[in-house]
Amino acid sequence: MSVVLAEKSRVTLDGETLTLEQVVAVARYGAKVELHPMAKEKVLRSREYVDQLIEGNRTVYGITTGFGKFSDVLISKDDAKTLQRNLIMSHATGVGDALSPEIVRVILLLRANALAKGFSGIRLSTLQTLINVLNAGIVPFIPEKGSLGASGDLAPLSHMVLVLLGEGEAFYKERRMSGREALAQASIEPVVLEGKEGLALINGTQVMTAIAALAVWDAEILCESANITAALTLEALEGILNAFDPKIHAVRPHPGQMDVAKHIRHLTEGSTFAADQQHPRVQDAYALRCVAQVHGPSKEAVAYVKKVVEIEINSATDNPLIFPEEDAVLSGGNFHGQPIALAMDFLGIAMAELANIAERRLERLVNPSLSGLPAFLTPNGGLNSGFMIVQYSAASLVSENKVLAHPASVDSIPSSANQEDHVSMGTIAARKARTIIENTGHVLGMELLAACQGLDLRTGKEERQFGKGSEAAYRLLRTKVTPLGEDRVMYTDINIAKELISSGKIANAVRFEFARNAH
């Protein structure tokens, strides 16, 4: 996985081949979006079939009937447009803070990609307007709360569609304004919905999946970064490297565990701080000795979640689905968010564990009874508190993560007069996982600061050699944050370290160093 992407690349949507790299390029680097010619053909065929259904007054859910419990109420051809507009107006019931602009951009992208598959019956002009809004930089105001995760993300997606209609609110050119004003400033005509189109736009899992896509991308970076901070802590605590001997991991051959052990050995290669068995101490505490056994399963969990997300971003998740070649409109349940719900609960637990063990390593760094270093990593303790409260903050974040890691997917509340009697809560699971990832990035940033401070305190005694990989991480941090002498405001240091971790800059610095040495 590359954590650096080219800006302003172009993404072509065909409904089948969208990648996480492309999602991130659109979300964070301003990549523009266009439709593949074959996708246009599929959309046109699907829409032609829907028009035939409407003209023929055939009874089809969501096209000539009401929604949910009202699926047995027939709607006339003359009321088809009103039905779709009313759907959007009535379903825009989200509350809470706005989803971030990067998440909203992904929502627009994923909804467009799902519609590009040609199973939703939307007009090509409406789909193109959705893409135009994305490319223009209009960010619909979408409240973060209000989705049950089945039938899809109805409430938040309705807020997205409001802006296409010239209703609702949006952010444009760093200003919050009405949807109509945003469209006017971008020279985009509002959409007047035809039959099936409102349902096609809001019945799907794109909100939970947008959050999930960015979350799993960031989680991959944290998994790699956590190995680096662990290696630095091993060196600062003069850890024993025998625990990472490949013979140990070959007899319990979980791929993630073996990969992490290999990575730690690579990172610490050549270190004069960490070494094989150090008499009279023969083994370390679990927070050091079991890094591979804890980080490895988290790495494997992220790989599983990534597969789920990669399938979902290229799926048709609305209802009903249109199959013109088979002369069929089929009602089903692809809008149900259970795949994402379970995956996001799993991701949250996996990331919480990275923070849990990192905080325990941080505690060992600041505790003089365990570290052999000055208390709280300050050379003049008492007058200075050093890293004392950094560990407090890490403990607070870890505790919050434990609350957030309770699975959302085990809950369900019936809705729509018990017609929709089992729901996924997938969007709640995704939001929780994203918060856990944010918290974990901070904890790893705190460990990075403390480990490098510990190394500085040890190198002050004699000249010693860092590991080949850990040195690159240490030097990058020291270009941004100086060693702590006298007490100073710490939150700025924490924010800098967290950004180095979460952006992938620390991981990239280490990769670059490995590549340079390989040549």
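The structure we're discussing is the one just above.
Residues numbered from 1 in each chain as written. Predicted model: local features only at pLDDT ≥ 70, side-chain atom pairs only at ≥ 80, totals over all residues. Heavy atoms only, no water.

**Remarks on the overall build of the protein chain**
Definition in use: The helix count covers DSSP runs of H or I at least four residues long, the strand count covers runs of E at least two residues long, and both are numbered beginning at the N terminus. Values of the radius of gyration come from C-alpha atoms, whereas the globule rule sets the reference at 2.2 Å times the count of residues to the power 0.38. Here, two residues are considered to be in contact whenever any of their heavy atoms come within 4.5 Å of each other.
A count of helical and extended segments in the protein chain gives 20 helices and 9 strands. Taking 519 residues into account, the globule formula puts the C-alpha radius of gyration at 24 Å, and the protein chain, at 26 Å, falls close to it. Each principal axis of the C-alpha distribution contributes one length, and for the protein chain these read about 85 × 50 × 50 Å. Summarising the internal contacts of the protein chain: among those between residues at least 6 apart in sequence, 79% fall at separations of at least 24.

**Things to note about the environment of Leu134**
Relative to the assigned elements, Leu134 resides in helix α5 (residues 124-136). A C-alpha to C-alpha distance of 9.6 Å links Leu134 and Ile107, two positions 27 residues apart in sequence. Residue contacts for Leu134: discarding those within four places in its chain leaves Val26, Val33, Arg105, Leu108 and Leu109.

**Quick look at the sheet that holds strand β4 (residues 139-140)**
How we decide: Any two strands are treated as partners once DSSP identifies two or more bridges connecting them.
Strand order in the open sheet formed by 3 strands is β4-β6-β7, and the pairing between neighbours is antiparallel. Each having just a single partner strand, β4 and β7 (175-178) make up the two edges of the open sheet. Both strand β6 (residues 169-172) and β7 contribute to a ladder of 4 bridges, which runs antiparallel. Note that in β7 the partner of Tyr172 across the bridge is Arg175.

**Regarding the nonpolar core**
Soluble, globular proteins show a tendency: their nonpolar side chains are buried together. Here is the rule we go by: Here the nonpolar core consists of buried residues drawn from Ala, Val, Leu, Ile, Met, Phe, Trp, Tyr and Cys, with membership extended through side-chain atoms lying within 4.5 Å. When a residue's accessible area, from a 1.4 Å probe over protein chains only, is under 20% of the maximum for its type it is buried; when over 50% it is exposed; and in between it is partly exposed.
Ranked by size, the top nonpolar core spans 159 residues in total, and within it Ile138 and Met351 carry the most contacts. Residues in contact with Ile138, not counting those within four places in the same chain, are Leu108, Val133, Val163, Ala170, Phe171, Tyr172, Ala182, Leu183, Ala186 and Ile188. Grouped together as the second largest cluster of nonpolar side chains are 7 residues, Leu53, Ile54, Val60 and Ile63 included.

**What about α5?**
Our working rule: Multiply 1.5 Å by the residue count of a helix minus one, and that product is the helix's expected span.
Its 13 residues give α5 an end-to-end C-alpha distance of 18 Å, which sits within 8% of 18 Å, the value for a rise of 1.5 Å per residue. Buried residues of α5: Thr126, Leu127, Thr129, Leu130, Ile131, Val133, Leu134 and Asn135, and no others. Positive phi appears at Gly137, one or two residues downstream of α5, with a value of about 85°.

**What about the environment of Ile188?**
Looking at the element boundaries, Ile188 is found in the loop between α7 (179-185) and α8 (197-202). For Ile188 and Leu130, which are 58 residues apart along the polypeptide, the C-alpha to C-alpha distance reads 10.0 Å. Excluding residues that lie within four positions of it along the chain, Ile188 makes contacts with Thr129, Asn132, Val133, Ala136, Ile138 and Leu183.

**So, helix α19 (residues 491-502)**
Taking 1.5 Å per residue as the helical rise, α19 with its 12 residues ought to reach 16 Å, and the 16 Å between its terminal C-alpha atoms agrees with that figure. Turning to α19, its buried residues are Asp493, Ile494, Ala497, Lys498, Leu500, Ile501 and Ser502. Buried residues along α19 sit in contact with α9 (206-236), α16 (388-404), α17 (426-459), α18 (470-480) and α20 (505-518). Immediately downstream of α19, the backbone of Gly504 shows phi near 90°, a positive value.

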